[in-house]
Amino acid sequence: MGLKTPLFDTHVNAGAKIVDFGGFDMPLHYGSQLEEHRAVREGAGMFDVSHMCVIDLRGLRVRAFLRRLLANDVGKLRVPGKALYSCLLNEQGGIIDDLIAYYLDEHFFRLVVNAGTRDKDLLWIRAQARQDAVQVLERTDLAMLAVQGPLARELAVGLLQAELRATALGLNAFSGAQIGDWFIARTGYTGEDGFEIMIPASTAARVWSGLRAKGVVPAGLGARDTLRLEAGMSLYGNDMDESQNPLESGLTWTVAFEPADRDFVGRAALEKIRAAPTKHMVGLLLEDRGVLRGHQVVQTNAGPGEITSGGFAPTLNRSIALARVPVGAASPVSVDVRGKPLSARIVKPPFVRNGKSLISL
Amino acid sequence: MSNVPRDLPSDLKYTRSHEWVRSLPDGRVEVGITDHAQAALGDLVFVDVPAVQRTLAAGEACAVVESVKAASDVYSPLSGQVSESNARLADTPELLNQDPYGAGWLMRLTPSSQSQLAGLMAPDLYSKFLDEESA
């Protein structure tokens, strides 16, 4: 028996298949993962992401603290509500977690971190926060829903009071705001437009059924995984962990080396790797019949690599993967799939964005 | 969860690895995976069926079914030779989810002996086995 979100009973009553994820009992699917995937690509789906951990940071020096803590630079955040994706690194440049940081005001930032890493993240953040006298508060009173898909925003605002709807629809991409009882952010993990909404836990079941009544389709972790894989987004624990650095995990774009005098945790280690990286992340498209899976070995002209996430891409009707391969690897590559060498092509993720394939099949 | 209503056609025999076997009038058998197996696997996205004329031993891995979640081997319930495999599954693996005892059949086999069928489970035994497995 794992931890439960405020929506656990709702999932069970809806017939969800429940699995452990990050210590939580979470819905894998409610019948068909493929149908849930398609609902998000074509209409609107919703995910219970209350297992993720919301951490509020307050203090006079909170911005300076985060500029030291995170590999990306919250100094870029100048408009209240604006969000930033970043890695949280250790001194060796290993990835403790990936997270989203929201700038709410000069003395108040909010982080959203992964469920399975919550305890070590909080320990690390609290230890680092002392010198800047930043107050760290875990918001266990909040539930979080991700409403995703081309119709998601329009349907979700239907639950808001009429005078708040325009504000919610006016949110820019990767921005959030407190709107009534909801903290609404135009973010997600599917490659579609949509919201991630933080609400008082006590209202979660009511909001969920309200969205359901509007036609938003409940979707489980299974669809969340195939959607994020198609979108080329990394999953902590699969695509990266503390033994890997962002530069060799497809996350170079999230590391702000400029300004050069910002001394963030892990910087010195990353500077060394940056001078001569040996591996990088690529997308793979399977040319033969079969399914790519995590941990399969990839043989390339530049040496062996490994699939970090793989699966069937419902939008493409093909199998795709993210793989860590030696720098210089070129197509075609060969993947050992259950003892058979299958041919795959290196492609640049994302594979799918806003319902459409971005790669040639 | 025990006593879940299960779709277990009474004219079929079952294995502990969740295959079903149907005796055909011409002495051959048809083989597939059970409703329980397809539900546990989730949406099927890839099926690799055995080549026609391949000779199989009882218990030999002979097909692969892959769902959105994982890959799984299918084991031949009987020894014999493959006389047909279901070519429709290449493009429509979802037949395995939609109709596991019908259009989702995997292969037809000429068994090396009919007596092997006696070693397979009747529906009530398989149902009991499922209860024990999930207990």
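For the structure, see preceding data.
Before going into details, it helps to say that this report is about the structure given with it. (Residues numbered from 1 in each chain as written. Chains lettered and ligands numbered in written order. Predicted model: local features only at pLDDT ≥ 70, side-chain atom pairs only at ≥ 80, totals over all residues. Heavy atoms only, no water.)

**So, the overall build of chain A**
- A count of helical and extended segments in chain A gives nine helices and 21 strands.
- Here the C-alpha radius of gyration of chain A, 20 Å, is about what a compact globule of 361 residues would show, namely 21 Å.
- By principal-axis analysis of the C-alpha atoms, chain A measures approximately 60 × 50 × 40 Å.
- For chain A, the residues scored as buried account for 57% of the 361 residues in total.
- Taking the intrachain contacts of chain A between residues at least 6 apart in sequence as the baseline, contacts between residues at least 24 apart amount to 66%.
- Total accessible area computed for chain A in this model is approximately 14,800 Å², and 53% of it derives from carbon and sulfur atoms. (Helix = DSSP H or I, 4+ residues; strand = E, 2+ residues; numbered from the N terminus. Rg over C-alpha atoms; globule rule 2.2 N^0.38 Å. Buried < 20%, exposed > 50% of the residue type's maximum accessible area, 1.4 Å probe, protein only. Contact = heavy atoms within 4.5 Å. Areas by Shrake-Rupley, 256 points an atom, 1.4 Å probe, with all protein chains shown as cover.)

**Remarks on the interface of chain B and chain A**
- Each partner contributes residues to the interface: chain B has 15 residues there, and chain A has 12 residues.
- Between chain B and chain A lies a buried interface of about 1,300 Å² when both sides are counted; carbon and sulfur atoms form 48% of it.
- Three residues stand out in chain B for area buried against chain A, namely Asp43(B), Phe46(B) and Val68(B), and they jointly supply 39% of the buried area on that side.
- Our enumeration of links across chain B and chain A arrives at three salt bridges.
- Arg293(A) serves as the salt-bridge partner of Glu66(B), at 2.8 Å between the closest nitrogen and oxygen.
- The leading source of residues in the side of chain B that touches chain A is strand 4 (residues 44-48) of chain B, at four residues.
- When the residues that make up the side of chain B that touches chain A are grouped by side-chain class, the tally is nine nonpolar, one polar and five charged. (Buried area = accessible area lost by both parts, 1.4 Å probe. Salt bridge = Lys/Arg side-chain N within 4 Å of Asp/Glu carboxyl O. Nonpolar A, V, L, I, M, F, W, Y, C, P; charged D, E, K, R; others polar.)

**A look at the nonpolar core**
All names here are of chain A.
- Within the largest apolar cluster, 33 residues are counted, with the highest numbers of intra-cluster contacts made by Phe47, Tyr102 and Met198.
- Elements with a minimum of two residues in this core: strand 5 (83-89), strand 6 (95-105), strand 7 (108-113), strand 9 (142-148), strand 11 (182-185) and helix 8 (221-230).
- Ignoring any residue separated from it by four or fewer positions in sequence, one finds Tyr102 in contact with Gly81, Lys82, Ala83, Phe108, Phe109, Arg110, Val112, Phe183, Ala185, Thr187 and Met198.
- Core analysis: the next-biggest nonpolar cluster, separate from the first, contains 26 residues, Leu160, Leu171, Ile179 and Ile184 among them. (Core = buried A, V, L, I, M, F, W, Y, C linked by side-chain atoms within 4.5 Å.)

**Considering the environment of Ala103(B)**
Residues and elements named next belong to chain B.
- Structurally, Ala103 can be placed in the loop between helix 2 (95-98) and strand 9 (107-111).
- Given the relative accessible area of 22%, Ala103 is considered partly exposed.
- Linking Ala103 and Arg28, residues 75 residues apart in sequence, is a C-alpha distance of 17 Å.
- Not counting the four nearest positions on each side in its chain, Ala103 is found in contact with Asn86, Arg88, Leu89 and Leu95.

**Describing the sheet that holds strand 15 (residues 297-300) of chain A**
All names here are of chain A.
- An order of 14-17-16-15-18-19 is seen for the six strands of this closed barrel, with the pairing classed as antiparallel. Along the sheet, successive strands turn relative to each other by an average axial angle of 40 degrees, direction set aside.
- Sitting on the sheet, helix 8 touches strand 16 (303-313) and strand 17 (318-326), and the angle it makes with strand 16 is about 125 degrees. (Pairing = 2+ DSSP bridges. Axes fitted to C-alpha atoms, helices over the stretch in contact; angles between N-to-C directions.)

**With respect to the pattern of salt bridges**
- Throughout the structure, instances matching the rule amount to 31 salt bridges over all chains.
- Two residues, Arg186(A) and Asp193(A), come together in a salt bridge whose shortest N-O distance is 2.8 Å.
- Given a relative accessible area of 25%, Asp193(A) falls into the partly exposed group.
- In this structure, the salt-bridge partner of Glu84(B) is Arg28(B), at a minimum N-O distance of 3.0 Å. Pair noted here: Glu84(B) is in strand 8 (residues 80-85) and Arg28(B) is in the loop between strand 2 (19-23) and strand 3 (29-33), with a separation of 56 residues, a long-range link.
- Through salt bridges with shared partners, a single ionic network connects Arg22(B), Asp26(B), Arg28(B), Glu30(B), Glu84(B) and Arg108(B).

**Some words on the packing of aromatic side chains**
- Counted according to the given criterion, the structure contains seven aromatic pairs over all chains.
- Between Trp20(B) and Tyr101(B), the aromatic rings sit 6.0 Å apart at their centres with planes inclined by 55 degrees, giving tilted as the arrangement. Of the two residues, Trp20(B) sits in strand 2 while Tyr101(B) sits in the loop between helix 2 and strand 9, which places them 81 residues apart along the sequence. The exposure classification of Trp20(B) matches that of Tyr101(B), with both residues buried.
- Chaining the aromatic ring pairs together yields one cluster made of Tyr14(B), Tyr126(B) and Phe129(B).
- The side chain of Arg58(A) reaches across the aromatic face of Phe108(A), ending 3.7 Å from its centre.
- If you follow Arg224(A) out to its NZ or CZ, it ends over the ring of Phe47(A), 5.7 Å from the centre. (Phe/Tyr/Trp six-rings, centres within 6.5 Å; stacked < 30°, edge-to-face > 60°. Lys NZ or Arg CZ within 6 Å of the ring centre and 35° of its normal.)

**A word on the environment of Arg22(B)**
Residue and element names in this part refer to chain B.
- Structurally, the position occupied by Arg22 is in strand 2.
- With 79 residues separating them in the primary sequence, Arg22 and Tyr101 have C-alpha atoms 9.0 Å apart.
- Filtering out sequence-adjacent residues up to four positions away, Arg22 remains in contact with Asp11, Leu12, Arg28, Val29, Glu30 and Tyr101.
- Polar side-chain contacts of Arg22 include one of 3.0 Å to the backbone oxygen of Tyr101. (Polar contact = N/O pair within 3.5 Å; in protein donor to acceptor, adjacent residues only side chain to side chain.)

**Section: the packing of helix 2 (residues 33-42) of chain A against helix 8 of chain A**
Residue and element names in this part refer to chain A.
- For the pair helix 2 and helix 8, interaxial distance at closest approach is 8 Å and the crossing angle is 50 degrees. Classified by the interaxial angle, the pair formed by helix 2 and helix 8 is oblique. Crossing handedness for the pair helix 2 and helix 8: right-handed. For the pair helix 2 and helix 8, contact is made by Gln33, Glu36, His37, Val40 and Arg41 and by Gly222, Ala223, Thr226, Leu227 and Glu230, respectively.
- Across the contact of helix 2 with helix 8, the residue classes tally to three nonpolar, four polar and three charged. (Parallel < 35°, antiparallel > 145°, perpendicular 65-115°, else oblique. Left-handed = near helix turned anticlockwise from the far one by under 90°.)

The analysis is restricted to geometry; functional conclusions fall outside its scope.
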